[in-house]
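Here is what each chain is made of, one letter per residue.
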Amino acid sequence: MARVRECVDNLHGLLTAPATSVPDQVAIAESSIGEAPAVVSYRQLVEQVERFAVALDALGLDVGDRVVVESRTSAAAIALLLACSALGLPFVPVTAEVPDRRVQAIVDAVEPALYVRDAGTDRTGVMTMDGTARFGWNEWEVDRRPAARVRRRREVLATDTAYIVFTSGTSGRPKGVVMSHRSVVTFLRAVLGDGRVLSGDRIASTSPLHFDFALFDIGIALGGGATLVPVQRELLASPRRFVAHLKANRVSQVNGVPSIWRPVLRHNPELLGGLTDLRSMLFAGEEFPLPELRRLQSVVPGVRVVNGYGATESMACSFTDVPNPLPVDADRLSIGALHTGAEVMLIGEDGTVVTHPGVVGEIHLRSPALFSGYWNDPEATAAVLVPDPVDSRHGQVVLRSGDLACWDAEGGLYFCGRADAQVQVRGNRVELGEVEGTLGNLPGVDMAVVVAVARPSGDRALVAYVVPTRPWPDFDQAKAVEFCARELPAYMVPRRIDVVSELPLTANGKVNRELLRRRATADL
Ligand SMILES: Nc1ncnc2c1ncn2[C@@H]1O[C@H](COS(=O)(=O)NC(=O)C[C@H](N)c2cccc(Br)c2)[C@@H](O)[C@H]1O
């Protein structure tokens, strides 16, 4: 079987490089679940990668054959992903949190040559047509060998697929984001080049392996010769255990979606003050509600907070420091500090480039780290990898993000919601985020989510869900509606405002707006 050559861009090469310079540096610090060693050095990681590569090679797969890996973020899983990369086998990460129906849809779409799951999981509801195996640290068990195949390929190239990550895709049908080694390595090198990771860093990764945020964490930690500290999902629900884990591992950086901070901010914010090694936290995936962000800054005043923005289709594109402390009158965060080697254009509805401050346009990303396309979906691909709106003659495509934003006079770039989050209410365009921002200013409201519900009349009604800063015995809905009526035009005032103790989350930890929309439709 072909093995990637040293000089060819590949995740394996980038993430195992520190084994040459700092072989005894800890690569991954695992809470000692099962028999996996508590810490794994770069040398030990590379040895395990090699064992998996030999095992995979023995199965006779061909470059490009997909391997579905079901696992939590672990040293063994990372070693397996890197072994797949070395052999040019695209990995498709799934986790126990992904329901059978969705895993089946992914398996049916990618037709994996091999489905490997970590010994800790057992999933019976998924039919696979080819090879199956189980793995662990120093553990490899083939249950069903993959069918024999002709090996057509002789080299692993930078343009070969590193991974396919399925996104929920607002349209409902999951779309497989196909990322090449060249794209993801180019992106990670740029972020590392911007000096975001120091080799002594200990980076807590709180995202599930099926979410590319986890792949980002693995990429910058190992690519930067730092230490990755996986944080399992069950720890996030318990503030005491979450903080204890961060402290025990002397974590210097915590990466995750905004919701990972919600439980500790609500129940035990004082615990965060004890994290003396914590230097920075990076959030990404959705906007951080400003009341919560202010509270977070107040309990960890010296910690750098970075607003990471970007889509799986380019992994990410900007990392902007949040002003610390956030000015009192700030009602939005910039996403304008692009990593080196990327450029954003705002395109107006008329297709021209928007440069005037305050004018909203759709973010188009020019970058060498763009995805190859959606797996087996050329139409969806053509809709987002579009000709360069400035000059299409050179044939280069840019990523049409679906996100709206505007510049300010100082070059700050401000997120103005998803293009598909613009709704028409009684003929008026409403940016749901604007209504959410206003509700967020209501005293005692921690965060607010506003959804638009289609009415039989064809019009839309706005329904708001607010999370109070503390248990709120008698939320006065009339007063809240009155507050909105004073602050917003009539068509932007929610029809209902419900108090919820917490908001439903997606498998990636983002607010589950789709579920709230369904709930609002049922309630109305
Ligand atoms: N910082 C923000 N403010 C506001 N809206 C954000 C932010 N980050 C996203 N989004 C939204 O999420 C969409 C994209 O979702 S995604 O494809 O699932 N990818 C993601 O969420 C995660 C993303 N790949 C990623 C992974 C690792 C590091 C970083 Br840094 C970013 C974007 O198009 C935006 O609409």
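Whatever comes next refers back to the structure up there.
Keep in mind that what you see is a predicted model, and the values were worked out from it rather than measured.

J.: Could you clarify how one ought to interpret the nonpolar core in this entry?
T.: The tendency in soluble globular proteins is for nonpolar side chains to be buried side by side. Within the largest apolar cluster, 117 residues are counted, with the highest numbers of intra-cluster contacts made by Leu-45, Tyr-163, Val-254 and Trp-261. Element by element, the count of residues in this core is highest for helix α4 (residues 75-86), at 10 residues. Counting residues in each nonpolar core, the second largest holds 22 residues, with Leu-432, Val-450, Ala-452 and Leu-462 among its members.

J.: Looking at this model, I keep getting lost on the site of the ligand. Mind explaining?
T.: The environment of the ligand is made up of 21 residues, and the closest members are Asn-307, Gly-308, Met-315, Asp-403 and Lys-510. Take Met-315: an N or O atom from its main chain is 2.8 Å from a nitrogen atom of the ligand. One of the side-chain nitrogen or oxygen atoms of Arg-418 is found 3.2 Å away from an oxygen atom of the ligand. When the free accessible area of the ligand is taken as 700 Å², the share hidden by the protein chains comes to 93%. At the level of elements, α7 (212-223), β14 (304-309) and β22 (413-418) are the ones that each hand at least two residues to the shell around the ligand. Among the residues making up the shell around the ligand, the classes are represented as 10 nonpolar, five polar and six charged.

J.: Any chance you could explain the environment of Ser-259 here in plain terms?
T.: Relative to the assigned elements, Ser-259 resides in the loop between β12 (253-256) and α10 (262-267). Sequence separation between Ser-259 and Glu-286 is 27 residues; the distance between their C-alpha atoms is 9.4 Å. What Ser-259 contacts, discounting residues up to four positions off in sequence, is Leu-505 and Gly-509. Within the structure, Ser-259 has its side chain in polar contact with the backbone oxygen of Gly-509 (distance 2.6 Å).

J.: Can you help me understand the packing of aromatic side chains in this one?
T.: Summed over the entire model, instances satisfying the criterion amount to 12 aromatic pairs. Ring geometry for Phe-216 versus Phe-319: centroids 5.7 Å apart, planes at 15°, classification stacked. On the criterion of sequence distance, the pair formed by Phe-216 in helix α7 and Phe-319 in strand β15 (residues 318-321) is long-range, its members being 103 residues apart. Look at Phe-216 and you get buried, because its relative accessible area is 5%. The class of Phe-319 is buried, set by a relative accessible area of 4%. Measuring from centroid to centroid gives 5.0 Å for Phe-283 and Phe-288, while their planes differ by 85°, and the two rings are edge-to-face.

J.: Would you mind showing me how to read empty space enclosed by the protein here?
T.: One water molecule sets the probe size; rolling that probe over the atoms shows where empty space is left. Counted by the stated rule, this structure contains three cavities of 30 Å³ or more. Approximately 90 Å³ is the volume found for the largest cavity. In terms of lining residues, the largest cavity is bounded by 13 residues, among which Leu-11, Leu-15, Phe-91, Leu-215 and Ile-218 are the most central. In this structure, the second largest cavity spans a volume of roughly 40 Å³. What lines the second largest cavity is simply Tyr-309, Gly-310, Ala-311, Ser-314, Cys-317, Ile-363, Leu-365, Leu-399 and Ser-401. Where the lining of the second largest cavity is concerned, the elements lending two or more residues are β18 (361-366) and β21 (397-407). Across the lining of the second largest cavity, the residue classes tally to six nonpolar, three polar and no charged.

J.: Help me understand the pattern of salt bridges, please; the structure alone is not making it clear to me.
T.: Applying the stated criterion across every chain yields a total of 28 salt bridges. Among the salt bridges present, the one from Asp-446 reaches Arg-266, with a minimum N-O distance of 3.5 Å. Linking Asp-446 in strand β25 (residues 445-454) with Arg-266 in helix α10, this pair joins segments that are 180 residues apart in sequence. Between Arg-513 and Glu-436 there is a salt bridge; the shortest N-O distance is 2.7 Å. Of this pair, Arg-513 sits in helix α15 (residues 513-523) while Glu-436 sits in helix α13 (residues 432-440), and the two are 77 residues apart along the sequence. Salt bridges linked by common partners bring Asp-65, Asp-130 and Arg-149 together as one network.

Rules of the game
- Residues numbered from 1 in each chain as written.
- Predicted model: local features only at pLDDT ≥ 70, side-chain atom pairs only at ≥ 80, totals over all residues.
- Heavy atoms only, no water.
- Core = buried A, V, L, I, M, F, W, Y, C linked by side-chain atoms within 4.5 Å.
- Buried < 20%, exposed > 50% of the residue type's maximum accessible area, 1.4 Å probe, protein only.
- Helix = DSSP H or I, 4+ residues; strand = E, 2+ residues; numbered from the N terminus.
- Near = heavy atom within 4 Å.
- Polar contact = N/O pair within 3.5 Å; in protein donor to acceptor, adjacent residues only side chain to side chain.
- Areas by Shrake-Rupley, 256 points an atom, 1.4 Å probe, with all protein chains shown as cover.
- Nonpolar A, V, L, I, M, F, W, Y, C, P; charged D, E, K, R; others polar.
- Contact = heavy atoms within 4.5 Å.
- Phe/Tyr/Trp six-rings, centres within 6.5 Å; stacked < 30°, edge-to-face > 60°.
- 1 Å grid on protein atoms, 1.4 Å probe; cavity = no way out; pocket = protein on both sides within 12 Å on 5 of 7 lines; lining within 4 Å.
- Points joined across faces, edges and corners; volume = space filled by probe spheres on them.
- Salt bridge = Lys/Arg side-chain N within 4 Å of Asp/Glu carboxyl O.

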